[in-house]
Amino acid sequence: MAEQGVDLKAPHWGWPIVLDFFVSGMAAGAYVTATLALLAGGGRDAPAVRAGYLLASPLISLSLVLLILDLGLPRRFLHMILSRKATGGIGWGALTVGDIHFKPFSPMSVGAWGLSIFGAFAFASLVLVWIAPGWGGRPLLVLLGVLGASLALFAGGYKGVLLRATAQPVWAASRWLGPLFLAASLSSGVAAVGLTANLLGADASAQRLAGALAVALVLEGLLLAIWLWDLGAERKRLGRLGLWEVRIGAGLFLPLGFLAAGWLNAAALLALLGGLTFRRLVIAAATAPAPHRELPVPRP
Amino acid sequence: MTQIQPGKTYGFFTDTTLCIGCKACEVACKQWNGLPAEGFAFLGRSYDNTGELSATSWRHVRFVEQFSADRSEARWLMMSACCKHCTEAGCLEACPTGAIVRTEFGSVVVQQDVCNGCRYCVAACPFGVVAFNEASGTVAKCTLCSDRLRGGLQPACSAACPTASIQFGEVEELWQRARARQAHLHAQGRSRAALYGGPEVAGGLNVFYLLEDRPEVYGLPAAAALPQRRVVPDFVLTGIVALLLGVVLYATFL
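Residues numbered from 1 in each chain as written. Chains lettered and ligands numbered in written order. Predicted model: local features only at pLDDT ≥ 70, side-chain atom pairs only at ≥ 80, totals over all residues. Heavy atoms only, no water.

Colleague: Now, about the pattern of salt bridges: what can you tell me, with residues and values included?
Modeller: According to the stated counting rule, one finds 18 salt bridges over all chains in the structure shown. For the salt bridge of Arg237(A) with Glu234(A), the shortest nitrogen-to-oxygen distance reads 2.5 Å. Overall, Glu234(A) belongs to the partly exposed group, its relative accessible area being 25%. Here the salt bridges share partners, and the residues they tie into one network are Lys23(B), Glu26(B) and Asp48(B). (Salt bridge = Lys/Arg side-chain N within 4 Å of Asp/Glu carboxyl O. Buried < 20%, exposed > 50% of the residue type's maximum accessible area, 1.4 Å probe, protein only.)

This is the structure in structure tokens:
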């Protein structure tokens, strides 16, 4: 062979995983947005609160369905947290209680638990805001919101850590992937809340949501720049950027321009499209080939 | 003949200078483990036609054909690869289901009745060993013939190797054998002979090698840290950033 490189296999995660990354990030961001609006705005931002909690629960449920569908054996999805044969020798710090297991150094194990618990909080908030409004009063909603938002921040960022804890060069190269995924989740969430609040016909929060979206996009752009810089030599594996430039231009700069013009819906739509493209590009980067190298032949 | 006892760590010392590329190890592995043929064909880039380790090829004799630009010089290296049964195994730590376990012989094995095919271990292996099997919906790799070890037999591949390129035994004893072989080759003037698989590679490999070129030439990483060592620092950094982003976004709603 003329060219040799280090043997690696990518997990070949396709569109179900791309969509899961996008949808779960959106759910996390929407929940955080709703909670921040609840805490900061009193009753003033009720449309944002209602839209955020309306979105989070179904989206996180959809994300769990996508994760299950992507498994080689979907019927074994419960093995993520429950397995009769997961006893000794399954990894650092593994905790097992009966058939239940938890592996603190496996982001996918931590994520399976985190998403499930976040899903419960998202559902409870949905019930309190939409199905039984007023039940338990504002203190209960705030308590749920704060605890749920902590889990949502985890859900928004852990997938970056999950990708980092692999042997794939682009994923493993920078510690900023977790923060970048978190920022992308927040921008997707704010965009989805802004769009939904508008569709629900309530524009009381529109101005503040537009401001939040602008801030979220700027922060995401900043973290994207840090990540690209921190990739160092591995950045070459992204090739001649191409789609990355479209993602940065159409998913970050253009929405900011639309926001400046007061077009929240258009900006939110583009931000969501940019968020989806971002997940697709990062996941596809696992299969990016190394730059071509010719190995010298040592003289006999 | 090695006396095989649970509680001791076993592996292979693969001396690539002795490999003749006969692929008897590949055949023995497939035969013992009941693995199907994969319709191997001419690859167009090597005389090797296995290509890579897969879910149904747990042994792969890699051919490294090296030529100078004018084709006046050539060299052929061969190496029989399989799972390295790492001391710090990325696949085992990544597995969320507990399907991948460390056995009583120090090997790393995928329990087929537990694996749900999430494929996270595939991404976590620094050697490209673990592979997804579309037919079973699970991942698969070399088991160090755990079933044979329990019956007091050495793995099928090392038993079949006609040149003793693949030597099975207790890992500590194998390292002594490997150092002696390296010293012997150096004395013969083959100064490039080097051992690969010490602690700098995934905490030490239970399946280690004697190579005559840089590890990358054989498709091996020069060093490999356990990916999961990044988990705690990364979660801390992400948590700090989460706090900062939360505060900034909160301010926009005031």
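Colleague: Which residues make up the nonpolar core, and what values do they have?
Modeller: Core analysis: the biggest nonpolar cluster contains 102 residues, and Trp13(A), Tyr31(A), Phe118(A), Leu163(A), Leu213(A), Trp227(A) and Val282(A) have the highest contact counts within it. Here this core takes 16 residues from helix α1 (residues 15–41) of chain A, the largest share from any one element. In this view, Leu163(A) contacts Trp13(A), Phe21(A), Trp171(A), Leu177(A), Phe181(A) and Val282(A); residues no more than four positions away in its chain are not counted. With 67 residues, the next largest nonpolar core counts Phe13(B), Met79(B), Cys157(B) and Ala178(B) among its residues. (Core = buried A, V, L, I, M, F, W, Y, C linked by side-chain atoms within 4.5 Å. Helix = DSSP H or I, 4+ residues; strand = E, 2+ residues; numbered from the N terminus. Contact = heavy atoms within 4.5 Å.)

Colleague: Pulling in residues and values, what's your account of the interface of chain B and chain A?
Modeller: Chain B puts 77 residues into the contact, and the matching count from chain A is 77 residues. Interface area, chain B with chain A, both sides summed: about 6,400 Å², of which 62% is carbon and sulfur. Taken together, the links from chain B to chain A amount to 3 salt bridges. The salt bridge involving Asp70(A) is made with Arg119(B); its shortest N-O contact spans 2.9 Å. Our enumeration of links across chain B and chain A arrives at 29 residue pairs in polar contact (both at pLDDT 80 or more). At the level of secondary structure, the elements contributing two or more residues to the side of chain B that touches chain A comprise β2 (60–67), α2 (90–94), β4 (100–102), α3 (120–124), β6 (131–133) and α7 (231–253) of chain B. Among the elements that take part in the side of chain B that touches chain A, α7(B) stands out by supplying 15 residues, more than any other. Residues that form the side of chain B that touches chain A fall into these classes: 42 nonpolar, 18 polar and 17 charged. (Buried area = accessible area lost by both parts, 1.4 Å probe. Polar contact = N/O pair within 3.5 Å; in protein donor to acceptor, adjacent residues only side chain to side chain. Nonpolar A, V, L, I, M, F, W, Y, C, P; charged D, E, K, R; others polar.)

Colleague: Let's hear about the layout of surface pockets: which residues, and what values?
Modeller: Residues and elements named next belong to chain A. Approximately 400 Å³ is the volume found for the second largest pocket. Lining the second largest pocket are 22 residues; nearest its centre among them are Leu-64, Leu-67, Ile-68, Met-80 and Ala-112. When contributions to the lining of the second largest pocket are tallied by element, the ones reaching two or more residues are α1, α2 (46–70), α3 (107–131) and α4 (137–164). Tallied by class, residues from the lining of the second largest pocket come to 17 nonpolar, 2 polar and 3 charged. (1 Å grid on protein atoms, 1.4 Å probe; cavity = no way out; pocket = protein on both sides within 12 Å on 5 of 7 lines; lining within 4 Å. Points joined across faces, edges and corners; volume = space filled by probe spheres on them.)

Colleague: Lay out the environment of Ser24(A) with the relevant residues and their values.
Modeller: Residue and element names in this part refer to chain A. Along the chain, the position of Ser-24 falls in helix α1. Judged by its relative accessible area of 1%, Ser-24 falls in the buried class. Residues Ser-24 and Leu-59, spaced 35 residues apart in sequence, show a C-alpha to C-alpha distance of 6.5 Å. Discounting chain neighbours no more than four positions away, the residues touching Ser-24 are Ile-60, Ser-63 and Lys-159. One polar contact links the side chain of Ser-24 to the main-chain carbonyl oxygen of Asp-20, over a distance of 2.8 Å.

Colleague: Lay out the sheet that holds strand β9 (residues 194–196) of chain B with the relevant residues and their values.
Modeller: All names here are of chain B. Strand order in the open sheet formed by 4 strands is β8-β1-β10-β9, and the pairing between neighbours is mixed. Strands at the two margins of the open sheet, each flanked by one partner only, are β8 (166–170) and β9. The average undirected angle you get between the axes of adjacent strands in this sheet is 20 degrees. Two strands pair when backbone bridges link them, and strand β1 (residues 10–15) and β8 are joined in this way by 5 bridges, in the antiparallel orientation. (Pairing = 2+ DSSP bridges. Axes fitted to C-alpha atoms, helices over the stretch in contact; angles between N-to-C directions.)

Colleague: Let's hear about the packing of aromatic side chains: which residues, and what values?
Modeller: What describes a pair of aromatic rings is the distance from one ring centre to the other and the angle between the planes of the rings. In this structure the tally under the stated criterion is 17 aromatic pairs over all chains. Taking the centre distance of 6.3 Å and the plane angle of 20 degrees together, the rings of Trp13(A) and Tyr120(B) count as stacked. Linking Trp13(A) in the segment before α1 with Tyr120(B) in helix α3, this pair reaches from one chain into another. In terms of burial, Trp13(A) and Tyr120(B) fall into one category: buried. A ring pair is formed by Phe63(B) and Trp76(B), whose centres lie 5.6 Å apart and whose planes are at 85 degrees; its orientation type is edge-to-face. (Phe/Tyr/Trp six-rings, centres within 6.5 Å; stacked < 30°, edge-to-face > 60°.)

Colleague: Please set out the state of the cysteines residue by residue, giving values where relevant.
Modeller: Residue and element names in this part refer to chain B. Under the counting rule described, the total for this entry stands at 0 disulfides over all chains. With no disulfide of its own, Cys-115 lies 6.2 Å from the sulfur of Cys-121, the closest cysteine sulfur. Judged by relative accessible area, Cys-115 falls into the buried class, the value being 6%. Free of any disulfide, Cys-125 has its nearest cysteine sulfur in Cys-91, 6.2 Å distant. (Disulfide = S-S within 2.5 Å.)

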